[in-house]
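Overview (structure and organization)
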Amino acid sequence: MKKTIKCRKISRGKATGEVIVTQDPLSFLGGVNPEKGTIIDPGHGLYGKNISGKILVLPAGKGSTVGSYVIFQMAKNKTAPLAIISLNAEPIIATGAIMAGIPMVDQPNVNILDILREGDIVEVDADSGIIILLNSHK
Amino acid sequence: MYLTPEEEKMEAGEYGTAVQKAMEIIIALGEIYNAERLVDITSAQISGVSFKTIGDAGLEFLVDMAIDARVIVPSTLNPAGIDLERNDLGFSKEFTEKQLKIIDAYRKMDITTTCTCTPYLVGNVPVKGDHVAWSESSAVAYVNSVIGAKTNREGGPGALSAAICGKTAEYGFHLDENRKANLIVDVEDEIKGVDYGAIGYLVGKAVGDGVPYFKFKNRSSVNDLKSLGAALASSGAVALYHVENLTPEYKEALQGLDINDLEQISVDRADIDKTRRKLSTSTEKPDLICLGCPHSSIEEIKTIAEKLEGKRLKNQLWVCTSIPVKATADRMGYTEIIEKAGGKLVCDTCMVVAPIEELGFQVIGVDSAKAANYVPSMCGLDVVFDDLQNLLDFETPETKLTKNGVIRAFKNL
């Protein structure tokens, strides 16, 4: 069964992959190791986990504006997330995703943090403003 | 959001990938803040320059951008982590090399590499009503409030994107309805010098990202407003303030508002003195005095030179400024006076963005509330906030008799 969720394009592109989901806002500066793609903020729900090559699903970004450059650096290091889904985009991650060429959407028309679980497969089509659930745990 | 056919072409990549990426960033910011359209800008001030703040990640981004990105409006840079021309300050070779690469990338993009937080003192001066994209918080406060041009507090990549496209999204302080006052600050006593920074710090905490409207007992100078705005923008997120009978939009700031509905606070001498004490984390004599946050104007350098003439400092002293102002100070003889007293005129950088914590200093003396706010957190050092004359520590002169009469000399010369 495929379920399609409407959302808003922030950064162009399409990607299909496994999701990694957090309820916590994330600061890329100091919160993520750009060499490895692991979450290094001990206070974060994804502490110790790797976001490389995953579709990162989070409420929003936070922290230093230098975080935008960190996302770009991760893309160069090939440690960046495959795509980003945010409940509400804020300038730091939005700018970073565009700089890095990572597809990003926000404002999904359902609360996606309640629907998605780690390991679910989704397609993010930022250009069409949709998220397609391909293989859900449910 | 509405885009003109020209803007659509920019987004579609018809002017190359740098313009396309820059346009995407501008549009995304516009979407996030519910802008209806873009506006043309006449000037940009770009932050994200010191290697200390943007690191390898920022350096890599800028080197890539410099391949084909060029700015199309007059644009200036924020301070860097080093003085680009002097090498006697003690910064490491690695830091210096990376910093110079960052500057070179910006230069290739046609951004004027006067690395200063006071672009308005060195020729980047829009006119009232212009839309601009500035990203140094103290300069944002100045250009909005004292000049009356319109900008939000841009981030580094946002301002760079705006400079590349000559456009920014119309939201926030670009809209007149958001430029009204929402807090009246009645200052009950006459103020001068570091009082402005202390008041800025105090009010910034109270108002957050609001728009304060000041009633002062005495008239303020450009230098006073420079200190006030820097402090407001560092303890709070103030982008715009008004001063009654002084700044260009003070009348419009209250138009259509019922003053009785606005929050009002009063500030007196006791509040100011309490804030002044609170901003110091130490009572020791500073081993390094750092002036010029925001960068010193020529009038401020003249005042410093007058206090130092014929004397010899025990503390080290940096007077941070921009290269055009230093060139003027050289010609006026102020640089020579300051250097003879043991101080240095340092260009392109400051105590907040330079890695001064690597140089072995413990206590930094400042006359800027913004610097007092940031030095403990950004450099991990103690800070003393006071008027310049109270920070200075002079050698005692010895009197010597010579064949030709009495001369006064200093022990450590």
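For the structure itself, look to the data block above.
A brief report on the enclosed structure follows. (Residues numbered from 1 in each chain as written. Chains lettered and ligands numbered in written order. Predicted model: local features only at pLDDT ≥ 70, side-chain atom pairs only at ≥ 80, totals over all residues. Heavy atoms only, no water.)

With that settled, the discussion passes to the overall build of chain B. For chain B, the helix and strand inventory stands at 15 helices and 17 strands. Taken against the 2.2 N^0.38 rule, which gives 22 Å for 413 residues, the C-alpha radius of gyration of chain B at 22 Å falls within 12% of a compact globule. By its C-alpha atoms, chain B is 85 × 55 × 35 Å across when sized along the principal axes. Scored against the burial criterion, the 413 residues of chain B give a buried share of 57%. Of all intrachain contacts in chain B linking residues separated by at least 6 positions in sequence, the fraction that spans at least 24 positions is 77%. Within the structure as shown, chain B displays about 17,100 Å² of accessible surface, and the carbon and sulfur contribution to it stands at 46%. Looking at charge distribution, chain B has the averaged site of its 44 positive side-chain charges lying 8 Å from that of its 61 negative ones. (Helix = DSSP H or I, 4+ residues; strand = E, 2+ residues; numbered from the N terminus. Rg over C-alpha atoms; globule rule 2.2 N^0.38 Å. Buried < 20%, exposed > 50% of the residue type's maximum accessible area, 1.4 Å probe, protein only. Contact = heavy atoms within 4.5 Å. Areas by Shrake-Rupley, 256 points an atom, 1.4 Å probe, with all protein chains shown as cover. Lys, Arg positive; Asp, Glu negative; His and termini not counted. Charge placed at Lys NZ, Arg CZ, Asp CG, Glu CD.)

Moving on, we get to the packing of helix H8 (residues 222-235) of chain B against helix H14 (residues 369-379) of chain B. All names here are of chain B. The N-to-C vectors of H8 and H14 enclose an angle of 35 degrees; their axes lie 7 Å apart at closest approach. Of the residues in H14, those in contact with Ala 230, Ala 231, Ala 233, Ser 234 and Ser 235 of H8 are Ala 369, Lys 370, Asn 373 and Tyr 374. When grouped by side-chain class, the residues that make up the contact of H8 with H14 number five nonpolar, three polar and one charged. (Axes fitted to C-alpha atoms, helices over the stretch in contact; angles between N-to-C directions. Nonpolar A, V, L, I, M, F, W, Y, C, P; charged D, E, K, R; others polar.)

All names here are of chain B. A surface patch of positive charge is lined by Lys 205, Lys 274, Arg 277 and Lys 278. Considering every element that reaches the positive patch, the biggest residue donor is helix H10 (residues 269-278), with three residues. Here Lys 205 lies in helix H7 (residues 195-207). (Patch = residues over 30% accessible without salt bridge, like charges linked within 9 Å, V, L, I, M, F, W, Y side chains within 5 Å. Salt bridge = Lys/Arg side-chain N within 4 Å of Asp/Glu carboxyl O.)

A separate point is the side chain of Lys 226 of chain B. Residue and element names in this part refer to chain B. Relative to the assigned elements, Lys 226 resides in helix H8. At 3.1 Å, the side chain of Lys 226 and the backbone oxygen of Pro 294 are in polar contact. A distance of 2.8 Å separates a polar atom in the side chain of Lys 226 from a polar atom in the side chain of Glu 300. In contact with Lys 226, not counting residues within four places along its chain, are Thr 118, Tyr 120, Leu 121, Tyr 142, Pro 294, His 295, Ser 296, Ser 297 and Glu 300. (Polar contact = N/O pair within 3.5 Å; in protein donor to acceptor, adjacent residues only side chain to side chain.)

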